[in-house]
Number of protein chains: 4
Amino acid sequence: MPHPKPTLKPRKTPVQARSASTVDAIYAASIQVLHEVGLERFTTTRAAERAGASVGTLYQYFPNKSALLAAVLERHLTTVVEAVEAALVGVRGQPVAVIANTFVNAYLDAKLRDVTASMALYAVAGEDGGAEIVGRLTQRGQLALCEVLATARDAQFDNLRMVSLVLVTALSGPLQALLASGSNLAMADSLRRHLVVMVDAYLLRFTLPAPAFKKPRKLSKP
Amino acid sequence: MPHPKPTLKPRKTPVQARSASTVDAIYAASIQVLHEVGLERFTTTRAAERAGASVGTLYQYFPNKSALLAAVLERHLTTVVEAVEAALVGVRGQPVAVIANTFVNAYLDAKLRDVTASMALYAVAGEDGGAEIVGRLTQRGQLALCEVLATARDAQFDNLRMVSLVLVTALSGPLQALLASGSNLAMADSLRRHLVVMVDAYLLRFTLPAPAFKKPRKLSKP
Amino acid sequence: MPHPKPTLKPRKTPVQARSASTVDAIYAASIQVLHEVGLERFTTTRAAERAGASVGTLYQYFPNKSALLAAVLERHLTTVVEAVEAALVGVRGQPVAVIANTFVNAYLDAKLRDVTASMALYAVAGEDGGAEIVGRLTQRGQLALCEVLATARDAQFDNLRMVSLVLVTALSGPLQALLASGSNLAMADSLRRHLVVMVDAYLLRFTLPAPAFKKPRKLSKP
Amino acid sequence: MPHPKPTLKPRKTPVQARSASTVDAIYAASIQVLHEVGLERFTTTRAAERAGASVGTLYQYFPNKSALLAAVLERHLTTVVEAVEAALVGVRGQPVAVIANTFVNAYLDAKLRDVTASMALYAVAGEDGGAEIVGRLTQRGQLALCEVLATARDAQFDNLRMVSLVLVTALSGPLQALLASGSNLAMADSLRRHLVVMVDAYLLRFTLPAPAFKKPRKLSKP
DNA sequence: CATGAATGAGTCTTCATTCAT
DNA sequence: GATGAATGAAGACTCATTCAT
């Protein structure tokens, strides 16, 4: 969407202990406020108050409302991708089924670790520079998945790019549905299993006949 | 999200020709404005002006801004579900593969028929009563899919509910990625094929041993 | 001074009777507020309230505070220059002494006609686009004086530009002093006489020996 | 203008070397900031930063923003009057023509010595306690001129008060015009000559028949 | 003495909504 | 029914000033 965007970078890097905790408090408070009153009624003053600070202090660290929301979104998504990345590095060279399972579970775990944030930030992703942030981190996740899939012991893909893009984006919808339905525990488990199946089944379809004893591709040494 | 919601129902049903066209113009204008300036800078005055009407007239048909946005979102999503429903009734009793193919294509076609609207309304879905509307129409789509799958000639599912929920929600993420990337044509085609595969593969995994007259499916091994 | 300047043009041309009076009220109110609390504590809300309108209404006619102040300043100065221009056209072809007398009196009369405005706008001239406005209207006054002096029956100048610039700007200081001192009536009269003398004496010094029967220069035909 | 005024006096007299230089730096920095961003966007923090100090330090020497600006203005104007005073004491007892010439040149020289300050402080003079300061120092200049004129070898005035007031105030307008036009050098010289002429011509008109030993002045006709 | 983070009152400005014409 | 001027509550953001370190 063709909207112009002003500065979104933090105004000052929090180096001191107090500053850091203040900033953290603002992050947390923003999510709470977002969750409680929604994006439309989210105000910088409310966020600051909830964080136990004054608006002025908030503006000491964030140049404007958009930047604050962007930062909160980015931090959340970064946490999620990092969790996924971490999980994926552990299954390099494993069979596709393992990778599929790990990926889905890591993603869901990360998202469900902070249900409030996941729900609250959904609206934020749709506005402002949200799309850009989501896009960027999605891509990062896609890359991570790409790399691991390339090392799958029992398979070879000729279109890793598209495969990983589909996978990385396909989970958000179902997750959203889960969150919207009140994060029913039973449903969560069932959904988790279904997604694993879906991902696994999908990957299998794009698997090229692999050599019986496949060597790791990326890291192989002649 | 626990936000209170005021009235969202249209103030009056447009019965006269002029009214209908005015309302239509407002719908269209709203989407344009949404697309051009984003949800944050969307104003009722702007929408009305773009529609060639006055704010007052707009308020003749919509009790408030939220209701307008809700109506626009609802109309768009309704169009999409209806297209999907229509397509699905045509494949009742067909094999799973046909249903999968039809479903994915109907959904993508419907969404890509009005890319502008699809993009513009993304943000709207995250706010206001957006979640409720999305939820309701998602459910309607799920139901439609459910019913058709139940008639699949070559399969039987024991957990149709979950299966259809996953399918109905899993496409939105990839679609969103497509829209965000500029709706590249080649990518659109590729994505479409991948999604068909994913849906088909996923469905097959949850297929129960079907009645005798079932034909072997293409990729099965004897 | 190198400051950037945003839009200063009125937002909407007041065509209706009500609008016109509202705008007039805002002009008057602005001057009052300016006079009473000074530029620093001048707020758009205060100006609107004093005008018997709401801030919103004010912003319907002026895009921002700067534009409002600029408009008020411009209107005042325009009134003054126009008065001077009008007086000067009446003395075309008259002797220098008459022109000098007319010029000084027209200027002082115009300024003293609305002492409040003259005092209130002094600060405004020093900020924002004030300099530009003052410069532009000063130049207009200079031009008017230039043209009349060129027709003086008993004189000829070789450096009209500089002469008129000096005259047009030399009066503001003494006037300011008068206003600051409470516009003492006796002082006003005395000052008026002194300024006439000063202008006359100055002009005489730059007068070239003129032909006995001087023909109008500008309008003369060979 | 009837505005109330809080304390404007410096909080403490800088006695130490460091303090003095800090204060000097603040003065200079204030003028720079004023020149660069204008009075409206002048902030104490900016001034302090530019001076290489912290806001806190600034507030150590100036009780508030107004006092700072007032001090800066006062210092500048004081420098100017002192220069004029110094020049004038050197021409006591000289002919009017010499006094006129000396006065104008001393004033212009003093003002043009620091063009930046002259321009930057123009806006300040219109606000705050600016009027009071300008008035006070104008009066001091007037007094100085008064005293010298009273000693003029070749003249006697019966209304020295008004004459000196006019002269002291009449130069500011033309000077302002010069500054606004970019301080063109050629124009500066021309203006200087014109102002000398104006002052001289004006003074001559108010000269009373002087004592016997007065020599005829150059332009007088027998 | 210096520092600069924190404060929050005060501004500007927008925009949903109403209602007289 | 249509209009769009008027309203004013609400929110983003700034900045003078303080005070703990």
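Values in this document were obtained by computation on a predicted structure and should not be read as measured data.

A.B. asks: Could you give an account of the overall build of chain A, naming the residues involved and the relevant values?
C.D. replies: Looking only at helices and strands, one finds ten helices and zero strands in chain A. Secondary structure elements of chain A, listed N to C terminal, follow the sequence α-α-α-α-α-α-α-α-α-α. The 222 residues of chain A split such that 52% are buried. Within chain A, residue pairs in contact and separated by at least 24 positions form 73% of the contacts whose partners lie at least 6 positions apart. If you sum the accessible surface of chain A, you get close to 10300 Å²; carbon and sulfur atoms cover 55% of it.

A.B. asks: Give me the interface of chain B and chain A: which residues, what numbers.
C.D. replies: Across the contact, 45 residues belong to chain B and 45 residues belong to chain A. Along the contact surface separating chain B from chain A lie two salt bridges. A salt bridge links Arg-205 of chain B to Asp-200 of chain A; the nearest nitrogen and oxygen atoms lie 2.9 Å apart. Across the contact surface, chain B and chain A share six residue pairs in polar contact (both at pLDDT 80 or more). Where the side of chain B that touches chain A is concerned, the elements lending two or more residues are helix H1 (17-37), helix H6 (115-125), helix H8 (160-170), helix H9 (172-180) and helix H10 (185-205) of chain B. Per-element tally for the side of chain B that touches chain A: the top contributor is H10 of chain B, with twelve residues. When its residues are assigned to classes, the side of chain B that touches chain A shows 27 nonpolar, eleven polar and seven charged.

A.B. asks: Give a detailed account of the nonpolar core, specifying residues and quantitative values.
C.D. replies: Counting 93 residues, the largest nonpolar core has Phe-103 and Leu-203 of chain C together with Leu-88, Phe-103 and Leu-203 of chain D as the members making the most contacts within it. In this structure Leu-203 of chain C touches Val-96, Ala-100, Leu-149, Phe-157, Val-163 and Leu-167 of chain C, once residues within four positions along its chain are discounted. Ala-106, Tyr-107 and Ala-155 of chain A together with Phe-103 of chain B belong to the second largest nonpolar core, which has 92 residues in total.

A.B. asks: Talk me through the relation of the copies chain B and chain A; I want residue IDs and the actual numbers.
C.D. replies: Overlaying chain B on chain A yields an RMSD of 0.1 Å, the required transformation being a rotation through 180° with an accompanying axial translation of 0.1 Å. As the rotation angle and translation indicate, the two copies are arranged about a two-fold axis. Take the interface residues of chain B: 98% of them recur as interface residues in chain A, which is what a same-surface contact looks like.

A.B. asks: Please provide a residue-by-residue account of the relation of the copies chain C and chain D, values included.
C.D. replies: You can overlay chain C on chain D at an RMSD of 0.1 Å; the transform is a turn of 180° with a shift of 0.0 Å along its axis. Comparing interface residues between copies, 100% of those in chain C also lie at the interface in chain D; the contact surface is shared.

A.B. asks: Break down the packing of aromatic side chains for me, with residues and values.
C.D. replies: The final tally for this structure, using the stated rule, is eight aromatic pairs over all chains. With centroids separated by 5.5 Å and ring planes inclined at 80°, the aromatic side chains of Tyr-202 of chain C and Phe-206 of chain C adopt a geometry described as edge-to-face. With a relative accessible area of 0%, Tyr-202 of chain C lands in the buried category. Measuring from ring centre to ring centre gives 5.8 Å for Tyr-27 of chain D and Phe-62 of chain D, while their planes differ by 75°; the resulting arrangement is edge-to-face. Taken together, the residues span a long stretch of sequence, with Tyr-27 of chain D in helix H1 (residues 17-37) and Phe-62 of chain D in the loop between helix H3 (55-61) and helix H4 (65-89) at a distance of 35 residues. A cation over an aromatic ring shows up here: Arg-75 of chain A above the ring of Tyr-27 of chain A, its NZ or CZ 3.7 Å from the ring centre.

A.B. asks: A description of unusual backbone geometry should follow, citing residues and the corresponding values.
C.D. replies: Excluding glycine, most residues fall at negative phi; most peptide bonds, likewise, are trans. All names here are of chain C. One non-glycine residue, Ser-183, lies in positive phi territory at about 55°. Position of Ser-183 among the secondary structure elements: in the loop between helix H9 (172-180) and helix H10 (185-205). Of the residues examined, Ser-183 reaches a relative accessible area of 18% and is grouped as buried.

A.B. asks: Quick one: what's the story with the interface of chain C and chain D, residue by residue and with numbers?
C.D. replies: Between chain C and chain D, the contact holds 44 residues from the first and 46 residues from the second. Taking both sides of the interface into account, the surface hidden between chain C and chain D amounts to around 3600 Å²; carbon and sulfur atoms contribute 67%. Where chain C touches chain D, the interface holds two salt bridges. For the interface between chain C and chain D, the tally reads six residue pairs in polar contact (both at pLDDT 80 or more). Of all the secondary structure elements, the ones that give two or more residues to the side of chain C that touches chain D are helix H1 (17-37), helix H6 (115-125), helix H8 (160-170), H9 and H10 of chain C.

A.B. asks: Describe in detail the side chain of Thr-78 of chain B, supporting the description with residues and values.
C.D. replies: All names here are of chain B. Within the secondary structure, Thr-78 sits in helix H4 (residues 65-89). Overall, the relative accessible area of 18% leaves Thr-78 in the buried class. Not counting residues up to four positions away in its chain, the partners in contact with Thr-78 are Leu-137 and Arg-140.

A.B. asks: Mind laying out the environment of Gly-182 of chain D, listing which residues take part and the relevant values?
C.D. replies: All names here are of chain D. Residue placement: Gly-182 occurs in the loop between helix H9 (172-180) and helix H10 (185-205). Classification of Gly-182 as exposed rests on a relative accessible area of 53%. Sequence separation between Gly-182 and Gly-135 is 47 residues, and the spatial gap between their C-alpha atoms is 26 Å.

A.B. asks: Describe in detail H10 of chain C, supporting the description with residues and values.
C.D. replies: Taking 1.5 Å of rise per residue, 21 residues should cover 30 Å, and H10 of chain C covers 31 Å from first to last C-alpha, within 8% of that figure. By the N-cap criterion, in which a side-chain oxygen at the helix start approaches the backbone nitrogen of a residue two or three places on, H10 of chain C is capped by Asn-184 of chain C, the distance to Ala-186 of chain C being 2.9 Å.

A.B. asks: I'd like a description of the packing of helix H5 (residues 96-113) of chain A against helix H9 (residues 172-180) of chain A, backed by residues and values.
C.D. replies: Residue and element names in this part refer to chain A. Packing of H5 against H9 leaves a shortest axis separation of 11 Å and a crossing angle of 35°. Considering only the axes of H5 and H9, their crossing is right-handed. Residues Tyr-107, Leu-108, Lys-111 and Leu-112 of H5 pack against Ser-172, Leu-175, Leu-178 and Leu-179 of H9. Split by residue class, the contact of H5 with H9 holds six nonpolar, one polar and one charged.

A.B. asks: How would you sum up the side chain of Asp-200 of chain C? Please name residues and give values.
C.D. replies: For Asp-200 of chain C, the location among the structural elements is in helix H10. Contact partners of Asp-200 of chain C, with chain neighbours within four places excluded, come to Val-96, Ala-97 and Ala-100 of chain C together with Arg-205 of chain D.

A.B. asks: Can you break down the pattern of salt bridges residue by residue, with the values?
C.D. replies: On inspection of all chains with the given rule, the structure shows 36 salt bridges over all chains. Among the ionic pairs, Arg-136 of chain D bridges to Glu-74 of chain D, the shortest N-O distance being 2.7 Å. One end of the pair, Arg-136 of chain D, is in helix H7 (residues 130-150); the other, Glu-74 of chain D, is in helix H4, and 62 residues separate them in sequence. A relative accessible area of 35% means that Arg-136 of chain D is categorised as partly exposed. Several salt bridges converge on common partners, so that one network encompasses Glu-74, Glu-132 and Arg-136 of chain A.

A.B. asks: Requested: an account of H4 of chain B, with residues and values cited.
C.D. replies: What sets the pattern is the α-helix's 3.6 residues per turn: residues three or four places apart point alike. Taking 1.5 Å as the rise per residue, H4 of chain B with 25 residues should run 36 Å; its terminal C-alpha atoms sit 36 Å apart, in good agreement. Looking at where H4 of chain B begins, the residue whose side-chain oxygen comes 3.2 Å from the main-chain nitrogen of Ser-66 of chain B is Asn-64 of chain B.

A.B. asks: Residues and numbers for the confidence of the model for chain A, please.
C.D. replies: Residues and elements named next belong to chain A. Scored by pLDDT, chain A comes out at a mean of 88, with 85% of its residues at no less than 70. Long-range and interchain partners of residues 1-6, a stretch whose pLDDT sits below 50, account for eleven contacts in this model, where long-range means more than four residues apart. In the model, residues 217-222 has pLDDT below 50 throughout and makes five contacts with residues more than four positions away in sequence or in other chains.

A.B. asks: Give me the environment of Glu-74 of chain C: which residues, what numbers.
C.D. replies: All names here are of chain C. A residue is classified by how much of its surface remains accessible, and Glu-74, at 22% relative accessible area, is partly exposed. Separated by 54 residues in sequence, Glu-74 and Asp-128 place their C-alpha atoms 12 Å apart. Setting aside residues no more than four positions away along its own chain, Glu-74 makes contact with Ile-133, Arg-136 and Leu-137. A polar side-chain atom of Glu-74 sits 2.7 Å from a polar atom in the side chain of Arg-136.

A.B. asks: Mind laying out the packing of H10 of chain C against H10 of chain D, listing which residues take part and the relevant values?
C.D. replies: Across the interface, H10 of chain C lies against H10 of chain D with an axial gap of 8 Å and an inter-helix angle of 120°. Judged by the inter-axis angle, H10 of chain C sits oblique to H10 of chain D. The two elements H10 of chain C and H10 of chain D meet at a crossing, and its hand is right-handed. Of H10 of chain D, the residues touching H10 of chain C (which contributes His-194, Val-197, Met-198, Asp-200, Ala-201, Tyr-202, Leu-204 and Arg-205 of chain C) are His-194, Val-197, Met-198, Asp-200, Ala-201, Tyr-202, Leu-204 and Arg-205 of chain D.

Calculation notes
- Residues numbered from 1 in each chain as written.
- Chains lettered and ligands numbered in written order.
- Predicted model: local features only at pLDDT ≥ 70, side-chain atom pairs only at ≥ 80, totals over all residues.
- Heavy atoms only, no water.
- Helix = DSSP H or I, 4+ residues; strand = E, 2+ residues; numbered from the N terminus.
- Buried < 20%, exposed > 50% of the residue type's maximum accessible area, 1.4 Å probe, protein only.
- Contact = heavy atoms within 4.5 Å.
- Areas by Shrake-Rupley, 256 points an atom, 1.4 Å probe, with all protein chains shown as cover.
- Salt bridge = Lys/Arg side-chain N within 4 Å of Asp/Glu carboxyl O.
- Polar contact = N/O pair within 3.5 Å; in protein donor to acceptor, adjacent residues only side chain to side chain.
- Nonpolar A, V, L, I, M, F, W, Y, C, P; charged D, E, K, R; others polar.
- Core = buried A, V, L, I, M, F, W, Y, C linked by side-chain atoms within 4.5 Å.
- Least-squares fit on C-alpha atoms with pLDDT ≥ 70 in both.
- Phe/Tyr/Trp six-rings, centres within 6.5 Å; stacked < 30°, edge-to-face > 60°.
- Lys NZ or Arg CZ within 6 Å of the ring centre and 35° of its normal.
- Buried area = accessible area lost by both parts, 1.4 Å probe.
- Expected span 1.5 Å × (residues − 1).
- Axes fitted to C-alpha atoms, helices over the stretch in contact; angles between N-to-C directions.
- Left-handed = near helix turned anticlockwise from the far one by under 90°.
- pLDDT = per-residue confidence, 0-100.
- Parallel < 35°, antiparallel > 145°, perpendicular 65-115°, else oblique.

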